[in-house]
Amino acid sequence: MNQRAVVFALAFTGLVAAFMMTLLTPLVPELPQILGVSAEDSQWAVTVTLLAAAVATPITGRLGDLYGKRRMVLVVLALVVVGSVVAFFATSLIPLIIGRGLQGAGIGVIPLGISILRDVLHRDKLGGGVALVSATLGVGGAVGLPVAALISQYLDWHFLFVLSGALALIGLVLVWRLIPVSTLRSEGRFDFLGAIGLGIGLTAILLAVSKGNSWGWGSPVTLGSLAAGVVVLVLWGVFELRIPSPLIDLRVAARRTVLLTNLASVTVGFAFFASTVVLPQLLEAPTGTGVGLGQPMLVASLCLVPSGLVMWAMSPVASRLTRARGARTSLLLGIAIIAVGYVLALFLMSEVWHTVVIATAIGFGVGFAYAAMPTLIMAAVPASETAASNGLNSVMRTLGSTVASAVLGVVLSANLVTANGVTTPSASGFQTAFVISAVAAVVGVLCAVFLPKHHTRYDRASIPDADDVVAVPASETVKPAV
């Protein structure tokens, strides 16, 4: 087995999956006209991807633990290919929503890929591989954004799905050819009722959060959806605690390390997504308002590319820091850098290069944080549950991103300035958004501070101490099946 080839294949599939999340972002303002629907309805082409990612990720993770992670990566990538084909032929909203939903399931390849690395890599290679694959969640979106903008600006929008389908197909072939079959399996049966309950609960809550702006935060639909989601998840939790083979072992999820890491993931997801929401609006707003920087969509997208490149470049650095000082230190440093970046943003709003500096600083911090979180999770859960646990951690990041989109959308829309008939968010609106993002990062810092420096291993043979090593012991490395 070529371990570098394994890391390359999984990192590539991670980039492809993350690209699916921002694929339509440059096209959002034009979707109502293209599809002949209202602006509110057209948002479903974006919202459904987020919902599908949140619901499918823990389910595919558990299926991977039970029936094989490589097998589930192939299935998920096949869904992305099918979704791309459906979306390519779409001329109306409903087929596009179906295609985008199938593409959203692709985000599950990242936690599955991280878990595969634990199964097949030597301990000396694991830290760097985990850091690199985890970073793809941010890298793919940041680097893919200008590519999507370029296609949207100069070609028919359907070519976006030609690109996404081709990339997913390449990823599928790479996984099929390069990834070995792991013999590590979890015992038990798949929890179908748990999967349905989790899907309903998460969908209801994420719908309320993501559509609260358009539905109205005090409307019966929003409040009812939020309340229903909470009730379903509470009942789901009670059910999961009483069955022998749950979708997610909540007793493990409640362990201090896992719980605090997941809470920190919410704040990191919020802070990272905030930069992709706020900075492009600042860049693209007309200069006549006295606030905006008057840049076209493509230039605004390019200004975010350094953020993704820094995440990629920092992955080996984060791995070395984790090995030397522990994953807790890497997480704490990363979120602290994000907080500092947003504080600087309060004073750096008047030049294009200011936004590049801010995006790069945030990417620097996210790179460290994303590299540390899977290591902390894997150090605190049984080896047979890594895919499901990493999937839950990925859901927490998605939840943070969804909350960021909703909250900052309210903030920016409530603070407007009009000049020459053009209305954009005001300077105070952007500054308030930066303050909220900084506060979210500070909350994440507090979560990291209270992570235990040392903790008891989950079981004798499978779990390394998150602050001592980043790899499983040599005795735990599972040789691939021939």
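That block above? That's the structure.
Anyway, here's the lowdown on the structure attached to this text. (Residues numbered from 1 in each chain as written. Predicted model: local features only at pLDDT ≥ 70, side-chain atom pairs only at ≥ 80, totals over all residues. Heavy atoms only, no water.)

Let us look at the overall build of the protein. Along the protein, the regular secondary structure elements total 19 helices and two strands. Relative to the globule expectation of 23 Å for 482 residues, the C-alpha radius of gyration of the protein, 21 Å, shows essentially globular dimensions. Viewed in the frame of its principal axes, the protein has a C-alpha envelope of about 70 × 45 × 45 Å. Out of the 482 residues belonging to the protein, those deemed buried represent 59%. Of the roughly 18400 Å² that the protein leaves accessible, carbon and sulfur atoms contribute 69%. Looking at charge distribution, the protein has the averaged site of its 26 positive side-chain charges lying 9 Å from that of its 19 negative ones. (Helix = DSSP H or I, 4+ residues; strand = E, 2+ residues; numbered from the N terminus. Rg over C-alpha atoms; globule rule 2.2 N^0.38 Å. Buried < 20%, exposed > 50% of the residue type's maximum accessible area, 1.4 Å probe, protein only. Areas by Shrake-Rupley, 256 points an atom, 1.4 Å probe, with all protein chains shown as cover. Lys, Arg positive; Asp, Glu negative; His and termini not counted. Charge placed at Lys NZ, Arg CZ, Asp CG, Glu CD.)

On to the environment of Gly218, then. Here Gly218 shows up in the loop between helix H10 (192-215) and helix H11 (220-242). Sequence spacing of Gly218 and His158 is 60 residues, and the spatial spacing of their C-alpha atoms is 37 Å.

Two elements in contact, helix H5 (residues 69-88) and helix H9 (residues 159-178), have axes separated by 8 Å at closest approach and are oriented at 160°. Here H9 runs roughly antiparallel to H5, going by the angle between their axes. Every pair of crossing elements has a handedness; the one defined by H5 and H9 is left-handed. Residues Arg70, Val73, Leu74, Leu77, Ala78, Val80, Val81, Ser84, Ala87 and Phe88 of H5 form the contact with H9, whose participating residues are Phe161, Val162, Ser164, Gly165, Ala168, Leu169, Gly171, Leu172, Val175 and Trp176. (Axes fitted to C-alpha atoms, helices over the stretch in contact; angles between N-to-C directions. Parallel < 35°, antiparallel > 145°, perpendicular 65-115°, else oblique. Left-handed = near helix turned anticlockwise from the far one by under 90°. Contact = heavy atoms within 4.5 Å.)

Core analysis: the biggest nonpolar cluster contains 121 residues, and Leu96, Leu117 and Leu331 have the highest contact counts within it. Ranked by the residues each element gives to this core, the list is headed by helix H13 (residues 256-284), at 12 residues. What Leu96 contacts, discounting residues up to four positions off in sequence, is Leu24, Leu31, Leu35, Ala45, Ala87, Ala90, Trp157 and Phe161. (Core = buried A, V, L, I, M, F, W, Y, C linked by side-chain atoms within 4.5 Å.)

Quick look at H10 now. Its axis deflected by about 40° at Val209, H10 carries its strongest bend there. Its side-chain oxygen at 2.9 Å from the backbone nitrogen of Gly194, Asp191 defines the N-terminal cap of H10. Once H10 ends, the next one or two residues include Gly216, with phi positive near 100°. (Bend = angle between axes of the 7 residues up to and from the residue. Polar contact = N/O pair within 3.5 Å; in protein donor to acceptor, adjacent residues only side chain to side chain.)

Now for the environment of Pro246. Secondary-structure assignment places Pro246 in the loop between H11 and helix H12 (250-253). Separated by 39 residues in the primary sequence, Pro246 and Ala285 place their C-alpha atoms 49 Å from one another. Setting aside residues no more than four positions away along its own chain, Pro246 makes contact with Arg62, Asp191 and Glu240.

What follows is about the pairing of strand S1 (residues 416-419). Bridge analysis of S1 against strand S2 (residues 422-425) gives four bridges, and the strand direction is antiparallel. Each residue of the ladder has a partner; that of Thr418, found in S2, is Thr423. Connecting the antiparallel pair S1 and S2 is a turn made up of two residues, with Asn420 showing a positive phi of about 55°. (Pairing = 2+ DSSP bridges.)

Within the element layout of this structure, Ser275 appears in helix H13. When near neighbours in sequence (up to four residues on either side) are disregarded, Ser275 contacts Pro280, Leu304, Tyr342 and Ile362.

This part takes up the packing of aromatic side chains. Under the definition given, this model contains seven aromatic pairs. Taking 6.3 Å as the distance between ring centres and 70° as the angle between the ring planes, the aromatic pair formed by Phe272 and Tyr370 counts as edge-to-face. Highlighted residues: Phe272 in helix H13 and Tyr370 in helix H17 (residues 352-378), separated in sequence by 98 residues. Judged by relative accessible area, Tyr370 falls into the buried class, the value being 2%. When the ring of Phe364 is compared with that of Phe368, the centres are 5.4 Å apart and the planes differ by 40°; the resulting orientation is tilted. Taken together, the residues span about one helical turn, with Phe364 and Phe368 both in helix H17 at a distance of four residues. The exposure class of Phe364 is partly exposed, given its relative accessible area of 30%. (Phe/Tyr/Trp six-rings, centres within 6.5 Å; stacked < 30°, edge-to-face > 60°.)

Another point: the pattern of salt bridges. According to the stated counting rule, one finds two salt bridges in the structure shown. A salt bridge links Asp65 to Lys69, with the nearest nitrogen and oxygen atoms 4.0 Å apart. Here the residues in one salt-bridge network are Asp65, Lys69 and Asp119, joined through shared partners. (Salt bridge = Lys/Arg side-chain N within 4 Å of Asp/Glu carboxyl O.)

Another aspect to go through is the packing of helix H8 (residues 123-154) against H9. If you want to describe how two helices pack, look at the angle between their axes and the distance between the axes. With their axes 9 Å apart at the nearest point, H8 and H9 run at an angle of 140° to one another. Relative to H9, the element H8 is oriented oblique. Contacts between H8 and H9 pair Val147, Ala148, Ile151 and Ser152 from the former with Phe159, Leu160 and Leu163 from the latter.

Right, let's get into a nonpolar patch on the surface. Residues Val85, Phe88, Phe89, Leu150, Tyr154, Leu155, Phe159 and Val162 make up a contiguous nonpolar surface patch of roughly 800 Å² in combined accessible area. If you list the elements that add at least two residues to the nonpolar patch, you get H5, H8 and H9. Along the chain, Val85 turns up in helix H5. With a relative accessible area of 44%, Val85 lands in the partly exposed category. (Patch = residues over 30% accessible without salt bridge, like charges linked within 9 Å, V, L, I, M, F, W, Y side chains within 5 Å.)

The terminal C-alpha atoms of H13, which comprises 29 residues, lie 43 Å apart, in line with the 42 Å expected from a rise of 1.5 Å per residue. For H13, the tally of buried residues reaches 21 of 29 residues, placing the bulk of the element in the interior. (Expected span 1.5 Å × (residues − 1).)

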